[in-house]
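Okay, here's what each chain looks like letter by letter:
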Amino acid sequence: MKSKNDLKISFNALKVLQKRYLLKDEDGNIIETPEKMFKRVSKAVAGADNLYNDTDAYKTEKKFYRAMSGLEFLPNSPTLMNAGTPINQLSACFVIYIEDSINGIFNALKHMALIHKSGGGVGFSFSKIRPKGDVVKSTKGVASGPTSFMKIFDVATEVIKQGGRRRGANMGILDIRHPDIIEFITSKEHEGVLTNFNISTAVDDEFMNAAVNNEEYDLINPRNVKHVKKLNAGKVFDTIVNTAWKCGDPGIIFIDEINRKNTIPNAGIIEASNPCAEQPLLNYESCNLGSINLTKMVKSGKIDFNKLKSVVETAVHFLDNVIDINNFPISKVETETLKNRKIGLGIMGFAEMLIMLEIPYDSQDALDTAEKIMKFVTYHARKVSAELGRLRGSFPNFKGSIYDKNGFQAMRNATVTTIAPTGTISIIADTTSGIEPLFAVSFIRDVMEGEKLLEVNKLFESTAKKEGFYSKELMTEIAKKGSIQNIDEISGSIKRIFQTAHEISPKWHVKMQAAFQKHVDNAVSKTVNLPNNASPEDVKEIMLMAYKLKCKGITVYRYGSKKQVLYLNSYQG
Ligand code: ADP
């Protein structure tokens, strides 16, 4: 195993790890180093090899340790926090079914509490709940509707977070045909409401066509599947657009596209996704994620595909092992998850990798690079999964899956790839999150007791030093301006490569999301940044573009809008 000195953890990474990840004793003293954490996780996850006679668990442990301690691959936060501990709940993503009954709703609430306690995020479709004002037979009363029930889930999340290691996160989804759809769309309009929820409307192709053509569509009561009334789809779409323009919510989920790409149509129809929408799941499924740090896959200014292949192999082995040792918080989740064994391998540090390759984010070259990398990752991940399937058995729903239909002999996992936000693990890996552009090249971080700390992106700092324009004064000026675009000392080509999220036009954000989506089994977490002066028309254009480019969903963030950011980041949260 590597010695302690080999582990290069940044200052911020260490702070994040100390606050939430490293084990503590009963008095709150940290009793683990980052090395020991990686060792704990490698040992626990490699332990799954002992269930089969096909590998040497000790060798596997060393392989896992090297990938994690080298910050080449990191699993999602619950795995880092809980593997090898009595909790041992290792998945980030869950979808829980909500039935239209008090019993069903409060069962789902309990399930949510158990999942949050163990560090997972939950997505729900509230579409089955009968609309506001509908009859309640047993009491002869009137129903209060899905939006009112969402508030209960929100309050429960708020209370549970006091005791958990990270603030809970939820996704609330409502079908566009639900009679309460307008109330739902505007439910986060006012500040301080549903703060523990991201919300998304599930729209189908028929609705999108009606919206584009300004036609009417039917609202259906889910209780008796009866038509309630008609609304103008164009107007409803505009309500989504205007509300998202105002406050960032709701997002949209393109549910038909999700189901067209469902790898296991034999197992059911997908209705919901996890909190950041990168992981569509069937009811009661969970999924564990992990991400490869692309900045570690660059050698002499080029992508080192041999290394990438080997890390993909390690990562798939790791993520599949996680399923075998996972302590599922609810038995129904265990049953459903084990039928399909979904994993979500993704990437982080994409923007920094582009900088290292001197490719501007908003260029055709960047889109081509995105496709090339993701196609490669998914291809090799599937190959490993097929081999694991041969050795350890296919996922039980394999028969009738698209793999079965396409001539695969075996497959261990129903899905292999997902692009996660990597909100916290990218801090641990000290790189840019997921496929997002740089957030800033230089900024001033507020640390405790009013102290301010200048932080410069490490790639920008080394470029500035190499090009001879580095000075603390200039870095401070850039941090204050928030941009390098009007700084004379910096050349045009450097300005082009170090563009930040708000300097990249919204359309390029969508193009990038779509490029990755082409080669990802699950979905892609991406925030489309819009300038403060963007109009609702701009938001509409982005949403329609995402649909046309076959994205599985879309979320926008207009700078300075009222978006109540759902903290995904243990460091901040
Ligand atoms: P991380 O970097 O911590 O591994 P990500 O930012 O990649 O996590 O988020 C992945 C998924 O993990 C989210 O979509 C969500 O399902 C879950 N998740 C993230 N943050 C939280 C949180 N604070 N509470 C519960 N679940 C979370």
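These figures come from a predicted structure and were not determined experimentally.

A. Main features of the overall build of the protein chain. The number of helices and strands found in the protein chain is 21 helices and 21 strands. In summary, the protein chain has a C-alpha radius of gyration of 23 Å against a globular reference of 25 Å for 573 residues, a match within 12%. Projected onto its principal axes, the C-alpha coordinates of the protein chain cover approximately 70 × 60 × 55 Å. Burial statistics for the protein chain: of 573 residues in total, 58% are counted as buried. Sequence-distant contacts, at least 24 apart, represent 73% of the contacts inside the protein chain between residues at least 6 apart. Across the protein chain, the 76 positively charged side chains and the 65 negatively charged ones have centroids separated by 3 Å.

B. Expanded view of the environment of lysine 15. As for its placement among the helices and strands, lysine 15 is situated in helix H1 (residues 11–21). Residue class for lysine 15 comes out partly exposed when judged on its relative accessible area of 24%. Placed 143 residues apart in sequence, lysine 15 and glutamate 158 show a C-alpha to C-alpha distance of 24 Å.

C. Expanded view of the state of the cysteines. Evaluated as defined, the whole model comprises zero disulfides. Looking at cysteine 276, it has no disulfide partner, and the nearest cysteine sulfur is the one in cysteine 93, 8.1 Å off. Look at cysteine 276 and you get buried, because its relative accessible area is 18%.

D. Representation of the packing of helix H11 (residues 305–325) against helix H14 (residues 364–392). Running from N to C, H11 and H14 point in directions that differ by 45°, and their axes come no closer than 9 Å. Considering the angle they form, H11 stands oblique to H14. Handedness of the H11/H14 crossing: right-handed. Contacts from Phe305, Leu308, Lys309, Val312, Glu313, Val316, His317, Asp320 and Asn321 of H11 reach H14 at Lys372, Ile373, Phe376, Val377, His380, Ala381, Val384, Ser385, Leu388 and Arg392. Broken down by class, the residue content of the contact of H11 with H14 amounts to 10 nonpolar, four polar and five charged.

E. View of the domain arrangement of the protein chain. Entries for the protein chain in the domain assignment read domain 1 (4–64 + 74–87 + 287–427), domain 2 (93–273) and domain 3 (440–499). Once you take the C-alpha centre of each, domain 2 and domain 3 turn out to be 42 Å apart.

F. The arrangement of the site of the ligand in detail. In the neighbourhood of the ligand, 23 residues make up the surrounding shell, with Ser77, Arg167, Asn274, Thr422 and Gly423 lying closest. Within the contact set of the ligand, an oxygen atom lies 2.8 Å away from a side-chain nitrogen or oxygen of asparagine 274. Compared with its free state, where it exposes 550 Å², the ligand has 98% of that area covered by protein. By residue class, the composition of the shell around the ligand is 10 nonpolar, 10 polar and three charged.

G. The arrangement of a nonpolar patch on the surface in detail. A contiguous nonpolar patch, built from Ile102, Phe106 and Ile152 and spanning about 260 Å² of accessible area, is present on the exposed surface. Here phenylalanine 106 lies in helix H5 (residues 102–117). Taking the relative accessible area as the measure of exposure, phenylalanine 106 reaches 36% and is therefore partly exposed.

H. Region of the structure containing the nonpolar core. Counting residues in hydrophobic clusters, the biggest one holds 130 residues, and the most contacted among them are Phe73, Phe153, Phe207, Phe350 and Phe516. Counting contributing residues per domain, this core is built from domain 1 (4–64 + 74–87 + 287–427) and domain 2 (93–273), each supplying no fewer than three. Not counting residues within four places of it along the chain, the set of residues in contact with phenylalanine 153 comprises Ile98, Ile105, Ala108, Leu109, Met112, Phe124, Phe126, Asn170 and Phe197. Counting 23 residues, the second largest nonpolar core, distinct from the first, contains Met171, Ile173, Ile253 and Ile255.

I. Fine view of the pairing of strand S16 (residues 343–348). Burial of S16 is extensive: six of the six residues sit out of reach of the surface. Judged by which residues are buried, S16 turns out to be covered on both faces: Ile343, Leu345 and Ile347 on one side and Gly344, Gly346 and Met348 on the other are all buried. Where strand S13 (residues 286–293) meets S16, six bridges bridge the pair, whose relative direction is parallel. Residue pairing for S16: asparagine 293 is matched across the bridge by methionine 348.

J. Summary view of the side chain of histidine 380. By the secondary structure assignment, histidine 380 is in helix H14. Among the residues examined, histidine 380 registers a relative accessible area of 8% and is labelled buried. Those residues in contact with histidine 380, other than ones at most four positions away along the chain, are Lys309 and Val312.

K. Fine view of the confidence of the model for the protein chain. When pLDDT is averaged across the protein chain, the result is 94; 96% of the residues are at 70 or more. Low pLDDT, under 50, characterises residues 1–5; the predicted model gives this stretch eight contacts beyond four residues in sequence or across chains. With pLDDT under 50 throughout, residues 566–573 is counted as low confidence; its partners more than four residues away or in other chains account for 32 contacts. Per the prediction output, this complex has pTM 0.96; the corresponding ipTM is 0.92.

L. Spatial organisation of the packing of aromatic side chains. Under the criterion given, the structure shown has 17 aromatic pairs. When the centroid spacing of 4.9 Å and the interplanar angle of 75° are considered together, the rings of phenylalanine 207 and tyrosine 217 count as edge-to-face. Remark: tyrosine 217 occurs in strand S8 (residues 216–221) and phenylalanine 207 occurs in helix H8 (residues 205–212); sequence separation between them is 10 residues. In this pair, the class of phenylalanine 207 matches that of tyrosine 217, namely buried. Seen from their ring centres, phenylalanine 395 and tyrosine 403 are 6.4 Å apart, and the 85° between their planes marks the pair as edge-to-face. According to the relative accessible area criterion, phenylalanine 395 is buried, its value standing at 1%. Since its relative accessible area comes to 2%, tyrosine 403 is described here as buried.

Calculation rules
Residues numbered from 1 in each chain as written. Predicted model: local features only at pLDDT ≥ 70, side-chain atom pairs only at ≥ 80, totals over all residues. Heavy atoms only, no water. Helix = DSSP H or I, 4+ residues; strand = E, 2+ residues; numbered from the N terminus. Rg over C-alpha atoms; globule rule 2.2 N^0.38 Å. Buried < 20%, exposed > 50% of the residue type's maximum accessible area, 1.4 Å probe, protein only. Contact = heavy atoms within 4.5 Å. Lys, Arg positive; Asp, Glu negative; His and termini not counted. Charge placed at Lys NZ, Arg CZ, Asp CG, Glu CD. Disulfide = S-S within 2.5 Å. Axes fitted to C-alpha atoms, helices over the stretch in contact; angles between N-to-C directions. Parallel < 35°, antiparallel > 145°, perpendicular 65-115°, else oblique. Left-handed = near helix turned anticlockwise from the far one by under 90°. Nonpolar A, V, L, I, M, F, W, Y, C, P; charged D, E, K, R; others polar. Domains from an automatic or database assignment. Near = heavy atom within 4 Å. Polar contact = N/O pair within 3.5 Å; in protein donor to acceptor, adjacent residues only side chain to side chain. Areas by Shrake-Rupley, 256 points an atom, 1.4 Å probe, with all protein chains shown as cover. Patch = residues over 30% accessible without salt bridge, like charges linked within 9 Å, V, L, I, M, F, W, Y side chains within 5 Å. Salt bridge = Lys/Arg side-chain N within 4 Å of Asp/Glu carboxyl O. Core = buried A, V, L, I, M, F, W, Y, C linked by side-chain atoms within 4.5 Å. Pairing = 2+ DSSP bridges. pLDDT = per-residue confidence, 0-100. Phe/Tyr/Trp six-rings, centres within 6.5 Å; stacked < 30°, edge-to-face > 60°.

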